[in-house]
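A closer look at the structure
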Amino acid sequence: MGLIRPAPPAAPPDSPARDPGLPPGAGMEQAAAAASACTLCAPHLPLGPRPIHQLHAKARIVITSQAPGTKAHLSGIPFEDASGERLRDWLGLDRDRFYDPTQVAILPMGMCYPGHLPRGGDAPPRPECAPTWHPRILPLFARPRLRLLVGAHAIRFVLGRGMPFAERIRRYAETLPDHFPLPHPSWRTLVWAKRNPWFDAEVIPALRQEVARALAPTG
């Protein structure tokens, strides 16, 4: 049974900007606590800092997504919305396995809800977050077998900008067995997938196979 641990309550929007850092030799538990205490982006967060992540050193899959939406911010649970249901369907995982931190870790590009854009839609992840926390946290995973790059921000941050978005998704096999690039599982992707039927026909079956491989017991 997966153990869902909501993030601590949000800090006030006027909290002082603070990076709690990470002492040398810190383990994943200390890193997770430090990340939860981060208020580095507080001046830019309309609902205040509430870092949302799911971290465990034994996780076999690491999901690098974009940033939590309003529902995840309010609940403190990553992917606690329709996009999460869609992502779990893509992966072939039920809620228990998805929210089991010893199997699936979630380390977003931005751990806090970034607010809305003036013309609608969520703002991009804060640029301070991933460069600060990913280098500290990623080395603490013991044996990750697959990293899912969910959305354009994660793909560009890890794999660079050398390929058009749709082409990068379709050529997923080139980055295996370490990385699997995916679109963000928002409602907009349903429209995109209709224009690109190869996504459901080719990419999703391969994704489920790679997820099963990553989570398979090792002898």
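Residues numbered from 1 in each chain as written. Predicted model: local features only at pLDDT ≥ 70, side-chain atom pairs only at ≥ 80, totals over all residues. Heavy atoms only, no water.

Focus on helix α5 (residues 129-137)
Put simply, the rule reads: Summary of the burial criterion: residues with accessible area below 20% of their type's maximum are buried, those above 50% are exposed, and those between are partly exposed, where the area comes from a 1.4 Å probe applied to protein chains only. Going along the chain from the N terminus, every DSSP run of H or I of four or more residues is numbered as a helix, and every run of E of two or more is numbered as a strand. Throughout, a residue-residue contact means that at least one pair of heavy atoms, one from each residue, lies within 4.5 Å.
Within the sequence span of α5, burial applies to Cys129, Ala130, Thr132, Trp133, His134 and Ile137. Residues of α5 that are buried in the fold lie against α1 (28-36), β1 (61-64), β3 (146-150) and α6 (152-159).

A word on empty space enclosed by the protein
What counts, and what does not: Grid spacing is 1 Å over the protein atoms alone, the probe is 1.4 Å, and a cavity is where that probe fits but cannot get out, while a pocket is an open set with protein on both sides within 12 Å along at least five of seven lines and lining residues have an atom within 4 Å of a point. Grid points are joined across faces, edges and corners, and a volume is the space filled by probe spheres set on the points. Throughout this entry, Asp, Glu, Lys and Arg are counted as charged residues, while Ala, Val, Leu, Ile, Met, Phe, Trp, Tyr, Cys and Pro are counted as nonpolar. The remaining residues, Gly among them, count as polar.
In the structure shown here, the tally under the stated rule is one cavity of 30 Å³ or more. Within this model, the largest cavity holds a volume of roughly 100 Å³. Taken together, Cys38, Thr39, Leu40, Cys41, Leu45, Pro51, Met111, Cys112, Arg126, Cys129 and Trp133 make up the full set of residues lining the largest cavity. Across the lining of the largest cavity, the residue classes tally to nine nonpolar, one polar and one charged.

Digging into the nonpolar core
To be explicit about the condition: Here, the term nonpolar core denotes a set of buried Ala, Val, Leu, Ile, Met, Phe, Trp, Tyr and Cys residues that are joined through side-chain atoms within 4.5 Å.
By size, the foremost hydrophobic cluster in this structure holds 35 residues, and its most contacted members are Ile61, Ile63, Leu91, Leu148, Phe180, Phe199 and Leu207. Going through the elements one at a time, β1, α3 (82-91), β2 (104-106), β3, α6, β4 (179-182), α8 (187-195) and α9 (198-215) are the ones with two or more residues in this core. Ranked by residues supplied to this core, first place goes to α9 with nine residues. Those residues in contact with leucine 91, other than ones at most four positions away along the chain, are Ile63, Phe98, Leu148, Leu207, Arg208 and Val211.

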